Amino acid sequence: MQPRRWTPPPATGRVHRTSSIPPLPPVRRIELPAAGPEDVVLAPDGTLIVGTDDGAILKVDPATDTVTPLANTGGRPLGLHADPDGRVLICDFERGLLELTPDGELTVLVDEIDGERLLFASNVVRDADGTIYFSSSSARWSLADYKGDLLEHSCTGRLFRRTTEGSVETLADGLKFANGVVLAPDRSCVLVAETAGYRVSRHWLSGPLAGTTDLLVENLPGFPDNMGLGSDGLVWITLPSPRDPLLDRLLPRPGLFRKLIWSLPERVHPRPKRTVWVQAVDFDGTLVHDLQTEGTDYSMVTGVVELDGTLYLGSLGESAVAVSHLPSSRPA
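Rules and cut-offs
Residues numbered from 1 in each chain as written. Predicted model: local features only at pLDDT ≥ 70, side-chain atom pairs only at ≥ 80, totals over all residues. Heavy atoms only, no water. Core = buried A, V, L, I, M, F, W, Y, C linked by side-chain atoms within 4.5 Å. Buried < 20%, exposed > 50% of the residue type's maximum accessible area, 1.4 Å probe, protein only. Helix = DSSP H or I, 4+ residues; strand = E, 2+ residues; numbered from the N terminus. Pairing = 2+ DSSP bridges. Axes fitted to C-alpha atoms, helices over the stretch in contact; angles between N-to-C directions. Patch = residues over 30% accessible without salt bridge, like charges linked within 9 Å, V, L, I, M, F, W, Y side chains within 5 Å. Areas by Shrake-Rupley, 256 points an atom, 1.4 Å probe, with all protein chains shown as cover. Salt bridge = Lys/Arg side-chain N within 4 Å of Asp/Glu carboxyl O.

1. Some thoughts on the nonpolar core
Counting 33 residues, the largest nonpolar core has Phe120, Leu191, Tyr198, Val200, Met227, Val235 and Ile237 as its most contacted members. When contributions to this core are tallied by element, the ones reaching two or more residues are α1 (146-152), β17 (189-194), β18 (199-204), β19 (213-217), β21 (235-238), α2 (245-250) and β22 (275-281). Core analysis: the next-biggest nonpolar cluster, separate from the first, contains 16 residues, Val27, Ala280, Leu311 and Leu313 among them.

Structure (structure tokens):
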């Protein structure tokens, strides 16, 4: 471990839902044959696509709770993107960036960058012109030890662009555990969640700021993970856990303290708090929805899709997809 010192912004105090915050309505579970549907995306036919920790890519029909296997990557799928023509992009922790065709053929699109193996491919989106934007969370830590990256604060996350010709360029590096990726509908910018930075960064693709990176949202009350562009035009952000006060206290201090904690048994390491939590912001960064409920029936939400007021949730730790809805919408 090579800890970096960082002083996080003071926490806002928004950790648990209060009476002034509308609760997320109760969730309905759709059980899966394996665990860890880290991301969830919507297919053109209205079904959901998820990947689980056994390498499976599954189609889930939320109308019938039917689960259909589509393929197996032979690795560990994380972030996904579903195209209108039925193709699916897969960020696989072990294999890189993959593409699955409607007939079940898997192709590796990117497994190395600048002569080095692509590590920890995290989330992905494809533009209508075929350009792909994807993130890598860490160049130093494995998925099993992701908490080590948060504790070390390695700042080795990256945001990439793959052209239709297959070349890959780095748009932003030094990111604090790069995660969810969203492309603005007008293609003006691409957003990337920085889990360890409690923020969402914005890389400008056009206009006077083209080629620069700034912040859309900062000082979030939790660790942002995957994100999704909703049918409402909002950016939906998952918060698998509130910020950890111990981690916030440790980050500005000499790295020896974090090395010591990492050397201790895992049971004393900082760990996610059980909650179900999503937020939605517009492209100015204004908070529109802040929805949370107790993590009794589901927790560690790392994937979200919003469609006409219905919310579909994925989780790194659960063996199910969850379904909920906006408080003002009818249940799915």
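2. Concerning the sheet that holds strand β13 (residues 132-136)
Within the open sheet, the four strands sit side by side as β12-β13-β14-β15. Their pairing is antiparallel. Two strands lie at the open edges of the sheet, namely β12 (121-126) and β15 (168-175), each paired on one side alone. Sheet twist, expressed as the mean angle between neighbouring strand axes with direction ignored, is 15°. Note that β13 and strand β14 (residues 157-162) share five bridges and pair antiparallel. Counterpart to tyrosine 133 in the pairing with β14 is arginine 161.

3. Focus on a nonpolar patch on the surface
There is a patch of nonpolar side chains on the surface, built from Leu260, Leu264 and Val268 and spanning about 250 Å² of accessible area. Relative to the helices and strands, valine 268 resides in the loop between α3 (255-263) and β22.

4. Overview of the pairing of β17
Across the six residues of β17, six count as buried, placing the element largely inside the fold. Bridge count for strand β16 (residues 178-183) against β17 is four bridges, and the pairing is antiparallel. The partner of alanine 178 across the bridge, within β17, is glutamate 194. Here β16 folds back onto β17, and the loop between the two strands holds five residues, one of which, arginine 187, carries a positive phi near 65°. Where β17 hands over to β18, the hairpin turn is made up of four residues, of which tyrosine 198 adopts a positive phi near 55°.

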